[in-house]
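Given next are the chains, with one letter for each unit.
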Amino acid sequence: MRRAGRHGRQAQEGSLMENGVGQELGTPESPTAEGVPAARPPRARPRLVFHTQLAHGSPTGRIEGFTNVKELYAKIAEVFGISPTEILFCTLNTHKVDMQKLLGGQIGLEDFIFAHVRGETKEVEVTKTEDALGLTITDNGAGYAFIKRIKEGSIINRIQTVCVGDSIEAINDHTIVGCRHYEVARMLRELPRAQPFTLRLVQPKKAFDMIGQRTRSSKCPGEGRVASGKETLRLRAQGPATLEEGPSPFEEEAARRVDDLLESYMGIRDSELASTMVEAAKESPSAVQLTRGLDSVLGEFAFPQEFVAEVWAAVCHLKAGQE
């Protein structure tokens, strides 16, 4: 049941989609003079309307007509009279900074969208005493990279002011706004050891009753997924959004394993990227073919060859178990 009170009225006032999925618009067939039924008018795309709130508290708004994340943020910003650049990320069906509920490339038709906006800015000084800082980075698809996970016992975990959900705005006064998550992760990996550096972070704005997650060390099977068996709106970086069935159990598990590999090799988590790689791996007869396919569409990531081989092996192993 969705929250009431300070976060606005609930969405039980009706379906989040008007006209219904698959509903035919127009008049039914009528016979022509020759007795042959006339062609039906073309099927109109259903009008999808979603409910949204600001995570720290606001009335409920309604948005529609977006095909990618940037357009989604623009629609939310228009409803609440803010700039799209104020939005750090969105979660589905919870106002909390819950990385398991992070909005990625898919939105269930009954999902309620909470937008987390810029709060306080803070600066922390970090000394890299080990090669790994213990950060996992993701991004919102609209120019902001933020912390998705902090490893327990790591360098960053010992700095209490750094939290999951914080957006990384600058490294040593060098702005990284507009950089992708893999670029930010690479910058942090390449910082020299024993030399202090400064992180400028922006934390999500919080209501008094919100407690952000400090860390989440376990890898949850449900991370980044939407309800199986339900239709979802899939947002794409290029091209229009599409209405699809929810991912199968095989696709969910394969995407989770690939996401784990992304974290191990590159220090990022990205459920949509993982799903895209699973689709490519399913169609590739070998790891070599998968490498070529990924290079053609995701070449900017510069995936290590051994990483691609592990992705292909993981997907093939799961695929074989389905046969």
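Cut-off values and rules
- Residues numbered from 1 in each chain as written.
- Predicted model: local features only at pLDDT ≥ 70, side-chain atom pairs only at ≥ 80, totals over all residues.
- Heavy atoms only, no water.
- UniProt positions renumbered as here; feature names shortened; annotations may be inferred.
- Phe/Tyr/Trp six-rings, centres within 6.5 Å; stacked < 30°, edge-to-face > 60°.
- Buried < 20%, exposed > 50% of the residue type's maximum accessible area, 1.4 Å probe, protein only.
- Helix = DSSP H or I, 4+ residues; strand = E, 2+ residues; numbered from the N terminus.
- Polar contact = N/O pair within 3.5 Å; in protein donor to acceptor, adjacent residues only side chain to side chain.
- 1 Å grid on protein atoms, 1.4 Å probe; cavity = no way out; pocket = protein on both sides within 12 Å on 5 of 7 lines; lining within 4 Å.
- Points joined across faces, edges and corners; volume = space filled by probe spheres on them.
- Nonpolar A, V, L, I, M, F, W, Y, C, P; charged D, E, K, R; others polar.
- Domains from an automatic or database assignment.
- Contact = heavy atoms within 4.5 Å.
- Axes fitted to C-alpha atoms, helices over the stretch in contact; angles between N-to-C directions.
- Parallel < 35°, antiparallel > 145°, perpendicular 65-115°, else oblique.
- Left-handed = near helix turned anticlockwise from the far one by under 90°.
- Core = buried A, V, L, I, M, F, W, Y, C linked by side-chain atoms within 4.5 Å.
- Expected span 1.5 Å × (residues − 1).
- Arc of directions from axis to C-beta.

In the nomenclature of an unreviewed UniProt entry, the protein chain is known as GIPC3 protein of Podilymbus podiceps. Note on the protein chain: under the UniProt heading Sequence similarities (unreviewed entry), the record states "Belongs to the GIPC family."

Caption draft 1: Seen up close, the packing of aromatic side chains. Applying the stated rule across the entire model yields 7 aromatic pairs. Both rings, one in Phe-303 and one in Phe-307, keep their centres 5.3 Å apart while their planes meet at 35°; by these two values the pair is tilted. Take Phe-303: its relative accessible area is 11%, and that puts it in the buried class. Exposure remark for Phe-307: the relative accessible area of 0% places this residue in the buried category. Feature note: the residues Tyr-182, Tyr-265, Phe-301, Phe-303 and Phe-307 constitute an aromatic cluster, connected by ring pairs.

Caption draft 2: Local environment of the side chain of Gln-53. Along the chain, Gln-53 turns up in strand E3 (residues 50–54). Within polar-contact distance, the side chain of Gln-53 engages the side chain of Thr-60 at 2.8 Å.

Caption draft 3: Examining the layout of surface pockets more closely. Its boundaries defined by the atoms lining it, the second largest pocket holds a volume of some 550 Å³. Contributing to the lining of the second largest pocket are 24 residues, with Ala-132, Gly-134, Leu-135, Glu-263 and Gly-267 lying nearest its centre. Only strand E8 (135–139), strand E9 (145–150), helix H2 (181–190) and helix H3 (249–266) provide two or more residues apiece to the lining of the second largest pocket. Examining the composition of the lining of the second largest pocket, we find that 4 residues originate from one element, H3, more than from any other. Of the residues belonging to the lining of the second largest pocket, the class tally is 9 nonpolar, 6 polar and 9 charged. Both domains that meet at the lining of the second largest pocket, namely domain 1 (49–204) and domain 2 (247–321), each give it at least three residues.

Caption draft 4: Seen up close, the side chain of Glu-169. By the secondary structure assignment, Glu-169 is in strand E10 (residues 167–171). At 3.0 Å, the side chain of Glu-169 forms a polar contact with the side chain of Arg-118. Those residues within four positions of Glu-169 in sequence are excluded, and the remaining contacts are Arg-118, Thr-121, His-174, Thr-175, Ile-176, Val-177, Arg-200 and Val-202.

Caption draft 5: The arrangement of the packing of H3 against helix H4 (residues 271–282) in detail. At a minimum axis separation of 8 Å, H3 and H4 run at an interaxial angle of 115°. Our classification of the angle between H3 and H4 gives roughly perpendicular. The handedness of the crossing between H3 and H4 is right-handed. Note on element contacts: H4 touches H3 through Ser-271, Leu-273, Ala-274, Ser-275, Met-277, Val-278 and Lys-282, opposite Phe-250, Glu-251, Ala-254, Ala-255, Val-258, Asp-259 and Leu-262. Each residue belonging to the contact of H3 with H4 can be placed in one class, and the counts come to 9 nonpolar, 2 polar and 3 charged.

Caption draft 6: Representation of the nonpolar core in the model. The biggest cluster of nonpolar side chains holds 78 residues, and the ones touching the most others in it are Ile-113, Ile-168, Leu-188, Met-277 and Phe-303. The element contributing the most residues to this core is H3, with 7 residues. For this core, the domains that each give at least three residues are domain 1 (49–204) and domain 2 (247–321).

Caption draft 7: How the structure looks around the environment of Thr-91. Relative to the helices and strands, Thr-91 resides in strand E5 (residues 87–92). There is a polar contact of 2.6 Å between the side chain of Thr-91 and the backbone oxygen of Thr-94.

Caption draft 8: The arrangement of helix H1 (residues 69–80) in detail. For H1, which comprises 12 residues, the first-to-last C-alpha distance of 17 Å matches the rise-based estimate of 16 Å (1.5 Å per residue) to within 8%. Residues of H1 that are buried include every one of Val-69, Leu-72, Tyr-73, Ile-76, Ala-77 and Phe-80, and no others. Seen from one end, H1 has its buried residues packed into an arc of 135°, which puts them on one side. Every exposed residue of H1 that faces more than 90 degrees away from the buried side is listed here: Lys-70 and Glu-78. In this structure, the buried side of H1 is in contact with E3, strand E4 (61–63), E5, strand E6 (106–108) and strand E7 (113–127). A side-chain oxygen of the first residue of H1 lies 3.2 Å from the backbone nitrogen of Lys-70; this N-cap is Asn-68. Looking one or two places after H1, you find Gly-81, whose phi comes out positive at around 65°.

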